[in-house]
Amino acid sequence: MKTPFSLHQGISPIILGLPHTGTDVPAAIWDRLNDNGRILADTDWHIHELYEGLLDNATTVRATFHRYVIDANRDPAGVSLYPGQNTTGLVPETDFDGKPIWNEGQQPDEADIAYRVETFHAPYHAALAAEIERVKAIHGIAILYDCHSIRSHIPFLFEGKLPDFNIGTDMGRTCDPTIEKIAVDVTAAADGYDSILNGRFKGGWTTRHYGKPEAGVHAIQMELAQSTHLASEVPPFAYDAQKAERLRNHLKTILTRMENFALETQR
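First things first, this report covers the structure right here in the doc. (Residues numbered from 1 in each chain as written. Predicted model: local features only at pLDDT ≥ 70, side-chain atom pairs only at ≥ 80, totals over all residues. Heavy atoms only, no water.)

## A short note on the packing of aromatic side chains
Phase 1: Across all of its chains, the model carries 6 aromatic pairs by this definition.
Phase 2: For the ring pair Phe-158 and Phe-201, a centre distance of 6.3 Å and an interplane angle of 75° mean the geometry is edge-to-face. Here Phe-158 is found in the loop between β4 (142–150) and β5 (165–168), whereas its partner Phe-201 is found in the loop between β6 (195–197) and α5 (205–210), with 43 residues between them in sequence.
Phase 3: Residue classification places Phe-158 among the buried positions, given a relative accessible area of 8%. (Phe/Tyr/Trp six-rings, centres within 6.5 Å; stacked < 30°, edge-to-face > 60°. Helix = DSSP H or I, 4+ residues; strand = E, 2+ residues; numbered from the N terminus. Buried < 20%, exposed > 50% of the residue type's maximum accessible area, 1.4 Å probe, protein only.)

Here it is as structure tokens:
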């Protein structure tokens with residue numbers, strides 16, 4: 001079995017979390033997925049490629065397992081992120097369209113979920129927590145920037161078209177207001193794009209769990225509409241390098257300004 005995460009250590013105060021780009025599915029789990037589940041449609045396709053090289057010396061922590069194995073951005077206790085709204089859980093039973101992903105009678109039970117928490121979810125978050133502490137020890141501050149993407153049209157989850165940039169800070173609880181403002185200002189000024197703060201996506205469990213501004217740990221989630229960097233939001237989910245390069249310019253500005261803020265606050 002492959003290691004549940006990959007790690008690149010840097011010395012910047014910025015840490016990039018990548019919980020949903022992994023596509024590894026152990027054979028025993030793969031055999032239980034139905035044909036729809038095996039498409040792995042709800043992957044954050046090419047997000048690690050999109051952010052690669054944008055910020056020198058940034059730390060990256062990337063989950064290598066697929067979210068159908070277990071979702072690294074969900075509460076390990078199984079508490080819903082959005083009570084009363086359609087969403088997917090710790091180990092999803094359906095895809096983002098509400099369609100089953102498991103063969104009949106093969107849905108994970110409590111014991112199976114507990115095994116997946118221990119084997120995949122916990123090691124990823126242990127690595128992420130360790131990097132936050134390491135970076136904070138260097139700078140006195142750490143900013144966790146959680147990288148996500150999703151299809152721009154998913155009627156099961158939200159009405160209409162999703163904005164291009166979806167910034168989540170749990171209504172301002174997870175980071176310093178200046179960090180939030182950097183993301184808002186850069187995306188608002190990005191020509192040809194639209195953005196929203198704490199709209200349908202307010203930050204997942206990762207952002208809410210680690211974001212403790214009073215302790216010098218800040219967290220923010222960026223959920224990108226996949227139409228901003230994919231040639232198509234249906235298989236084969238191909239990367240559009242031209243679209244992506246235009247988008248990367250804005251993402252680089254966000255990360256650079258956040259890094260500068262972190263360094264300046266500790267001088």
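## Here we look at the environment of Thr-253
Phase 1: Considering the arrangement of structural elements, one finds Thr-253 in helix α6 (residues 241–265).
Phase 2: Of the residues examined, Thr-253 reaches a relative accessible area of 28% and is grouped as partly exposed.
Phase 3: For the pair Thr-253 and Leu-224, spaced 29 residues apart in sequence, the C-alpha to C-alpha distance is 15 Å.
Phase 4: Polar contacts involving the side chain of Thr-253 include one to the main-chain carbonyl oxygen of Asn-249, which spans 3.0 Å. (Polar contact = N/O pair within 3.5 Å; in protein donor to acceptor, adjacent residues only side chain to side chain.)

## Notes on the pairing of β4
Phase 1: Here β4 lies mainly inside the structure; 9 of its 9 residues are buried.
Phase 2: On β4, burial covers both faces: Ala-142, Leu-144, Asp-146, His-148 and Ile-150 on one face and Ile-143, Tyr-145, Cys-147 and Ser-149 on the other are all buried.
Phase 3: Judged from the 4 bridges that link them, strand β2 (residues 14–18) and β4 form a sheet pairing that is parallel. Note that in β4 the partner of Gly-17 across the bridge is Asp-146.
Phase 4: In terms of strand pairing, β4 meets strand β7 (residues 217–225) through 9 bridges, oriented parallel. The residue of β7 that forms the bridge with Tyr-145 is Ile-220. (Pairing = 2+ DSSP bridges.)

## A few points about the pattern of salt bridges
Phase 1: Taken as a whole and judged by the stated rule, the model has 13 salt bridges.
Phase 2: Taking the shortest distance from any N to any O, the salt bridge between Arg-116 and Asp-112 comes out at 2.9 Å. Highlighted residues: Arg-116 and Asp-112, both in helix α3 (residues 110–139), separated by 4 residues, approximately one helical turn. Across the pair, Asp-112 and Arg-116 agree in class, each one buried.
Phase 3: Among the ionic pairs, Arg-134 bridges to Glu-131, the shortest N-O distance being 2.8 Å. Here Glu-131 and Arg-134 lie together in helix α3, a separation of 3 residues that amounts to about one turn.
Phase 4: Residue Arg-134 is classed as partly exposed on the basis of its relative accessible area of 24%.
Phase 5: Each member of the salt-bridge network shares a partner with another, and the members are Asp-44, Arg-67, Asp-71 and Arg-74. (Salt bridge = Lys/Arg side-chain N within 4 Å of Asp/Glu carboxyl O.)

## Things to note about helix α4 (residues 177–188)
Turn by turn, an α-helix covers 3.6 residues, leaving residues three or four places apart pointing in a common direction.
Phase 1: For α4, spanning 12 residues, the distance from its first C-alpha to its last is 16 Å, which sits close to the expected 16 Å at 1.5 Å a residue.
Phase 2: Regarding α4, the residues found buried are Ile-179, Glu-180, Ile-182, Ala-183, Val-186 and Thr-187. Buried residues of α4, viewed axially, fall in a sector of 155°; they line one side. Turned more than 90 degrees away from the buried face of α4, the exposed residues are Pro-177 and Ala-188.
Phase 3: Of the surrounding elements, those touching the buried residues of α4 are β4, β5, β6, β7 and α6.
Phase 4: At the N-terminal end of α4, a side-chain oxygen is found 2.7 Å from the backbone nitrogen of Thr-178, two or three residues along, and the residue is Asp-176. (Expected span 1.5 Å × (residues − 1). Arc of directions from axis to C-beta. Contact = heavy atoms within 4.5 Å.)

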